[in-house]
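Spelled out from the first residue to the last, the chains are:
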Amino acid sequence: MAASLSAPRLTAFSSSQTLQALCKRFPVSLSPVFVSPNTSSRNVAPAGLSCCRPVFSRGCRFVTRAESDNGAEPCHYDFDLFTIGAGSGGVRASRFAANFGASVAICELPFATISSETSGGVGGTCVLRGCVPKKLLVYASKYAHEFDESCGFGWNYEAEPKHDWSTLMANKNAELQRLIGIYKNILKSANITLIEGRGKVVDPHTVDVDGKHYTARHILISVGGRPFIPEIPGSEYAIDSDVALDLPSKPEKIAIVGGGYIALEFAGIFNGLGSEVHVFIRQKKVLRGFDEEIRDFVAEQMSLRGIEFHTEESPRAVLKSADGSLSLKTTKGTVEGFSHIMFATGRRPNTKNLGLENVGLKMSNNGAIEVDEYSRTSVPSIWAVGDVTDRVNLTPVALMEGGALAKTIFANEPTKPDYWAIPSAVFSQPPIGQVGLTEEQAVKEYGDVDIFTANFRPLKATVSGLPDRIFMKLIVCAKTNKVLGLHMCGEDTPEIVQGFAVAVKAGLTKADFDATVGVHPTSAEELVTMRTPTRKIRNGSQPEDKMDTEIKAAAGV
């Protein structure tokens, strides 16, 4: 993290542009008299940040903003805030700052479905080549499973349903254009100046956009990340997630390299749409960092749907045959006959060619911008939020960080993003939802924990005849009865976990869950009806053989 960063000083500014101009011309006559704030504020200001609120004797209503600490400053800036990158975090920070009275500009590259050094688009990764288009393709792919389910309920089809890939792509792209328009209108309604082009930092208060310079009291970098393909022989024949979302035709047989959530989501998408799918992972299990039982359960369920997993295989080369087909050479051999090979091997902060070296801004080895707990970089006038900081790379987290930053700088409310109990979902098939600690994390932190699990066949599957199952898990502190983590894999999981995340975030206990009346018949009611612990862990240890047996049982093995 950026070390020893002093927090910004506060200075007064008016939401009225005319009055701001007067203040700049007559700084003495309009000097503020400061009064202490209410000491009951939820946040304590960082060192060096004054919480005094200015009051002006001429009856003018002012709000406050942070003053940068870069020494002597010019009397005028073009903007109070200049944001580089109009993704989720950048737009949120800019909009909130404008609502607090700041003059704001934001720059973004022209739109293209596939990102590059010269293309991007207002809305950023999530809207244009991430969460939204991915979820649309998930919806499309789920129909195949639903057709299969419907047969048990009396539905018959005279012909096998056929899918038209071009229709899906056209409608997906039309929706992206609609969303771009919405985001542009949001910026326009907030009186934010949108500048199209590539932003580059010139100095702590200056941004160059395609040759034109703009000055700002504060600069925010929110450029997100981009997919990463390792440099191996033949990597030029591989595709990444950007390309996979906008292919001209459906893959017939695809290799997906990677075991993270992006790999699993695309595996489910292409499998549902009728492709032959092979997933290659370096480790023994998918989803490193997720709860162990969830990792086993989802892999087993996806295998039952026809996805083939190749474990402990690392890619060595991509080979292209004369007929155009591709082969993947791994540490265990070569698999041939792929129409596409996709790498879902992670994303990296998009910090190249931003001019950050011009100002000596500190970055980590992978290019992430180092920030303090208020999202401030090692250069006091420059801030960063979202995936470019490589903290918690989720869209709602970028939104939280952007809102907190605007409050800190422009609303006299020093606000730290709160990373406890962030819910998340993997839109695999079946999907995963989680909030709070994994069992492994809870045991390490608390030692004594009680584990409650449920593994059952949902009501729909009893009639459809399909092998679908649902797995649920609660992790409870044995000493306080507080629910530390909730994990689930099965139909409707993301929707269910979003609701229960409120309970975990609020610190509710297992007794509170038990006292809640369930909604029947639903899968979610199991989360408030699990009474007996599956196992009790004391002093961080438990019988190993029992754990292995339970994991296999949970996965349906």
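Conventions and cut-offs
- Residues numbered from 1 in each chain as written.
- Predicted model: local features only at pLDDT ≥ 70, side-chain atom pairs only at ≥ 80, totals over all residues.
- Heavy atoms only, no water.
- Phe/Tyr/Trp six-rings, centres within 6.5 Å; stacked < 30°, edge-to-face > 60°.
- Buried < 20%, exposed > 50% of the residue type's maximum accessible area, 1.4 Å probe, protein only.
- Helix = DSSP H or I, 4+ residues; strand = E, 2+ residues; numbered from the N terminus.
- Lys NZ or Arg CZ within 6 Å of the ring centre and 35° of its normal.
- Salt bridge = Lys/Arg side-chain N within 4 Å of Asp/Glu carboxyl O.

*Asks:* Would you take a moment to explain the packing of aromatic side chains for this structure?
*Replies:* Using the criterion set out here, one finds ten aromatic pairs in the structure. On the basis of an interplanar angle of 65° and a centroid distance of 6.3 Å, the ring pair of Phe79 and Phe82 is categorised as edge-to-face. Owing to a relative accessible area of 13%, Phe79 belongs among the buried residues under this scheme. The class for Phe82 is buried, based on a relative accessible area of 0%. Aromatic pair Phe147 and Tyr157: ring centres 5.5 Å apart, planes at 70°, arrangement edge-to-face. Residue Phe147 is found in helix 4 (residues 131-151), and its partner Tyr157 is found in the loop between helix 4 and helix 5 (165-189); the two are separated by ten residues along the sequence. By way of ring pairs, the aromatic residues Phe79, Phe82 and Tyr214 are connected into one cluster. Against the face of Phe338 rests Lys253, its NZ or CZ located 4.9 Å from the ring centre.

*Asks:* What's the story with the pattern of salt bridges in this structure? I'm lost.
*Replies:* Between side chains of opposite charge, a pair can form as their charged atoms come close. Tallying each qualifying case throughout the model produces 22 salt bridges. Between Asp246 and Lys172 there is a salt bridge whose closest N-O contact spans 3.1 Å. With Asp246 in the loop between helix 6 (241-244) and strand 12 (253-257) and Lys172 in helix 5, the pair connects residues that are 74 residues apart, well separated along the chain. One salt bridge connects Lys416 with Glu373, and the closest N-O pair in it is separated by 3.3 Å. With Lys416 in the loop between helix 9 (395-410) and strand 21 (424-426) and Glu373 in the loop between strand 19 (347-349) and strand 20 (382-384), the pair connects residues that are 43 residues apart, well separated along the chain. Take Glu373: its relative accessible area is 46%, and that puts it in the partly exposed class.

Spatial relationships are all this shows, so hold off on functional conclusions.
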